[in-house]
Number of protein chains: 2
Amino acid sequence: MYTIKEASQRTGVSIALLRAWERRYGIVAPVRTEAGYRIYDDAAIGRIRAMRTLVADGWSPRQAAANIVSTQAKDFPLTAVDAQPIDPRPPTEQSRGLVEAAARVDGPAIERALDDIFAMGSFERMVDDHLYPALVALGDAWARGEVDVAGEHAASAAALRRLGMAFDAAGNAGAGDAPVLVGLPPGSRHELPALGFATALRRAGMSATYLGPDVPIRSWVTAVRQAHVRAAVIGVLTAEDMPGAAAVITALRDRHPDLLIAVGGRHSRELSDASAHLPDPLVDAVTALRRLLQLS
Amino acid sequence: MYTIKEASQRTGVSIALLRAWERRYGIVAPVRTEAGYRIYDDAAIGRIRAMRTLVADGWSPRQAAANIVSTQAKDFPLTAVDAQPIDPRPPTEQSRGLVEAAARVDGPAIERALDDIFAMGSFERMVDDHLYPALVALGDAWARGEVDVAGEHAASAAALRRLGMAFDAAGNAGAGDAPVLVGLPPGSRHELPALGFATALRRAGMSATYLGPDVPIRSWVTAVRQAHVRAAVIGVLTAEDMPGAAAVITALRDRHPDLLIAVGGRHSRELSDASAHLPDPLVDAVTALRRLLQLS
DNA sequence: ACGCCGTTGTCAACTGTTTGTCCATGCTAT
DNA sequence: ATAGCATGGACAAACAGTTGACAACGGCGT
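Nothing here was measured: the structure is a model prediction, and the numbers come from that model. (Residues numbered from 1 in each chain as written. Chains lettered and ligands numbered in written order. Predicted model: local features only at pLDDT ≥ 70, side-chain atom pairs only at ≥ 80, totals over all residues.)

(A) Geometry of the overall build of chain A. Looking only at helices and strands, chain A has 12 helices and 7 strands in total. Whereas a compact globule of 296 residues would reach a radius of gyration of roughly 19 Å, chain A reaches 25 Å, over 25% beyond that. Each of the three principal axes of chain A carries a C-alpha extent, and together these read 80 × 50 × 35 Å. Within the span of chain A, comprising 296 residues, buried residues form 50% of the whole. (Helix = DSSP H or I, 4+ residues; strand = E, 2+ residues; numbered from the N terminus. Rg over C-alpha atoms; globule rule 2.2 N^0.38 Å. Buried ≥ 20, exposed ≤ 12 C-beta atoms within 10 Å, placed from the backbone.)

What follows is the structure, encoded as structure tokens:
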């Protein structure tokens, strides 16, 4: 709780400028005493300091202020294997373990739960029958408020790392071949299903390049051109992913009319301008893509 | 988010020429303020730098522009281990390999380059002396237009997966202990340094939970409450990360006044309301944190 | 060789905007 | 009393924007 003079001394910003920033950009809104005197708290000091360094970094004061004011976090889950909020599918033992560990934000327990899941049979069956259901259960629990974003974050990040390990471990069997590109449209961050599919492709002996989440349209285009790819597979997990995916498809069609462009994921069926739609279970998606490649 | 003056200084292209290039070739399309002032983002800076180098290389401005417009993406690099655009540090053999592989968007080559890097001595030395420099070189190459976002994406995603593997492989030695929380403030996606630090903590025998990128304020708070943590470490890699980090700090301070809150990263020194600032080389950061924990 | 012409970087003129600072006046705290 | 604070307005200097012009340069046809 500081007066404006103290705030000025603590931030190195002149008193007049403090008032100007408040008046012009609303960067802080200090509480007032009965007489109208400004009283700054530590959060206000922090915001002012952030403003100062941003400006020192070359930002225009207006932009810096906008950035600071708009830095309020939006909480959304990273999982979203399936956006369908329906059918509470039977929670397996493994998924219950993962959800409970996530609820406690208990790192080691999350790892143990993933150990259990990844120990279930072949990679493809494990992903389809255990990992994805567990992640859906996690998303549901988050939606019901039983798991906090922190737990959801930690668990899905850990699952993503595991999947990444599997992807790397799968090697690139057909390394000489032209690869299949797998990635997500701009704005989409639902990596897990896409990375799972890319891994399954590799395990099936195909060469796969995983582009990652939130891939800009231009990057799809240049990636196709540079790498001389056999096909591009775009993940469309939620309805919000659709416009981005459609834009990617038209951009690719435009410059590579003969390229095989496939889409997969819950909302892919609704994108009719793709070459093909991949079915849902991982194994089926892989065989479908293989058939498409042989035909072309 | 820079004014035209700042953009000019950062790229070494005169203000008049910036406007001419925009008007004549549409090489950038900065957003405008209400009053019509141009606001350049980092992607625009990258495009301008790329243009400058191409022209310096003898390309005609028109051709250089055509090349950039058709190639460059509008997205940010994921790397950003270090936001300082200066001091072109000596490229090691390994970083050159990674940059070249990324330039070709060549998945297998990227993996091989990372194999080379990860084979360099102890984890900590490898990260400090080879991985981070390589990623900085990658970001620089992106800024110069030598690497497309697709390649940057692919390479940094692969590096992130490797780091994730190392994190998991490091196990959680002090599994019973209260953990140290490591994560990034809301809005920040510069995972690599944070995950590297979390891994180093585990390898030093401490219990570490990695929260991930873009962690909302509320998640930080609940994570601390649920897990009974010993300390929270927040990565502050760029000036833009500061407001979010400051908000996280005040929120945590508010409800857990005794919690040890440490910040690390290029711009962490400017956040004086944290309990402690962690120094730069990985090993030093780990020992600094260990000392802080013993004191408390 | 010569003139023509498009390209390209730079400049000037003029208008409007942003931003840090300052002032006059009046109230408040000690 | 004296120093501190608030408000609102005012200002100058720096910044930006647009338009049009212009000189240097190189390619090209004659």
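(B) Structural detail: the protein's contact with DNA strand D. Around DNA strand D there are 14 residues in total, and A:Lys5, A:Arg38, B:Thr3, B:Lys5 and B:Arg38 lie nearest to it. Class assignment of the residues belonging to the surface near DNA strand D gives a composition of 4 nonpolar, 4 polar and 6 charged. (Near = placed C-beta within 6 Å. Nonpolar A, V, L, I, M, F, W, Y, C, P; charged D, E, K, R; others polar.)

(C) Broad picture of the protein's contact with DNA strand C. Close to DNA strand C lie 23 residues, the nearest being A:Ala20, A:Ala35, A:Pro61, B:Ala35 and B:Arg62. Where the surface near DNA strand C is concerned, the elements lending two or more residues are helix 2 (15-25) and helix 4 (61-69) of chain A together with helix 2 (15-25) and helix 4 (61-71) of chain B. Classifying every residue of the surface near DNA strand C by side-chain character gives 13 nonpolar, 6 polar and 4 charged.

(D) Spatial organisation of the sheet that holds strand 3 (residues 180-183) of chain A. Residues and elements named next belong to chain A. Spatially, 4-3-5-6-7 is the arrangement adopted by the 5 strands of the open sheet, whose pairing is parallel. The open sheet has two edge strands, strand 4 (208-212) and strand 7 (276-278), and neither has a second partner. Averaged over neighbouring strand pairs, the angle between their axes works out to 25° when direction is ignored. In this structure, strand 3 lies alongside strand 5 (residues 231-235), joined through 4 bridges in parallel fashion. If you follow Val180 over to strand 5, its bridge partner there is Ala231. (Pairing = 2+ DSSP bridges. Axes fitted to C-alpha atoms, helices over the stretch in contact; angles between N-to-C directions.)

(E) The confidence of the model for chain A, seen in detail. Residue and element names in this part refer to chain A. Mean pLDDT over chain A stands at 84; residues scoring 70 or higher make up 90%. Within chain A, helix 10 (residues 217-227) has the poorest average pLDDT of any element, 79, and strand 2 (residues 38-39) the best, 96. Within the model, the stretch residues 72-76 combines pLDDT values under 50 with 6 contacts to residues more than four positions away or in other chains. Contacts of residues 82-88 to residues separated by more than four positions or lying in other chains number 9 contacts, the stretch itself having pLDDT below 50. (pLDDT = per-residue confidence, 0-100. Contact = placed C-beta atoms within 7 Å.)

(F) Looking closely at unusual backbone geometry. At A:Val105, a residue that is not glycine, the phi angle is positive and equals roughly 50°. Positionally, A:Val105 belongs in the loop between helix 5 (93-103) and helix 6 (107-118). The phi dihedral of B:Asp214 falls on the positive side, at around 50°, and the residue is not glycine. Assignment of secondary structure puts B:Asp214 in the loop between strand 4 (208-212) and helix 10 (217-227). You can call B:Asp214 buried: it has 22 C-beta atoms within 10 Å.

(G) The environment of B:Asn172, seen in detail. Counting through the fold element by element, B:Asn172 comes out in the loop between helix 8 (149-169) and strand 3 (180-183). For the pair B:Asn172 and B:Val149, spaced 23 residues apart in the sequence, the C-alpha separation amounts to 35 Å. Among all residues touching B:Asn172, those that are not within four sequence positions of it are A:Gly107, A:Pro108, A:Glu111, B:Arg202 and B:Ser207.

(H) Spotlight on the sheet that holds strand 3 of chain B. Residue and element names in this part refer to chain B. In spatial order, the strands read 4-3-5-6-7; together these 5 strands make up an open sheet with parallel pairing. Taken across any chain shown, the strands that pair with only one partner, and hence form the sheet edges, are strand 4 and strand 7 (276-278). Averaged over neighbouring strand pairs, the angle between their axes works out to 25° when direction is ignored.

(I) Examining the packing of helix 8 (residues 149-169) of chain A against helix 8 of chain B more closely. Between helix 8 of chain A and helix 8 of chain B, whose axes approach to 8 Å, the crossing angle comes to 110°. On the basis of the axis angle, helix 8 of chain A is roughly perpendicular to helix 8 of chain B. The two elements helix 8 of chain A and helix 8 of chain B cross, and the hand of that crossing is left-handed. Here A:Arg161, A:Gly164, A:Met165, A:Phe167 and A:Asp168 of helix 8 of chain A come into contact with helix 8 of chain B, specifically with B:Arg161, B:Gly164, B:Met165, B:Phe167 and B:Asp168. Along the lines of polarity and charge, the residues of the contact of helix 8 of chain A with helix 8 of chain B split into 4 nonpolar, 2 polar and 4 charged. (Parallel < 35°, antiparallel > 145°, perpendicular 65-115°, else oblique. Left-handed = near helix turned anticlockwise from the far one by under 90°.)

(J) Summary view of the environment of A:Val229. Its location among the elements puts A:Val229 in the loop between helix 10 and strand 5. A residue is classified by how many C-beta atoms lie within 10 Å of it, and A:Val229, with 22 of them, is buried.

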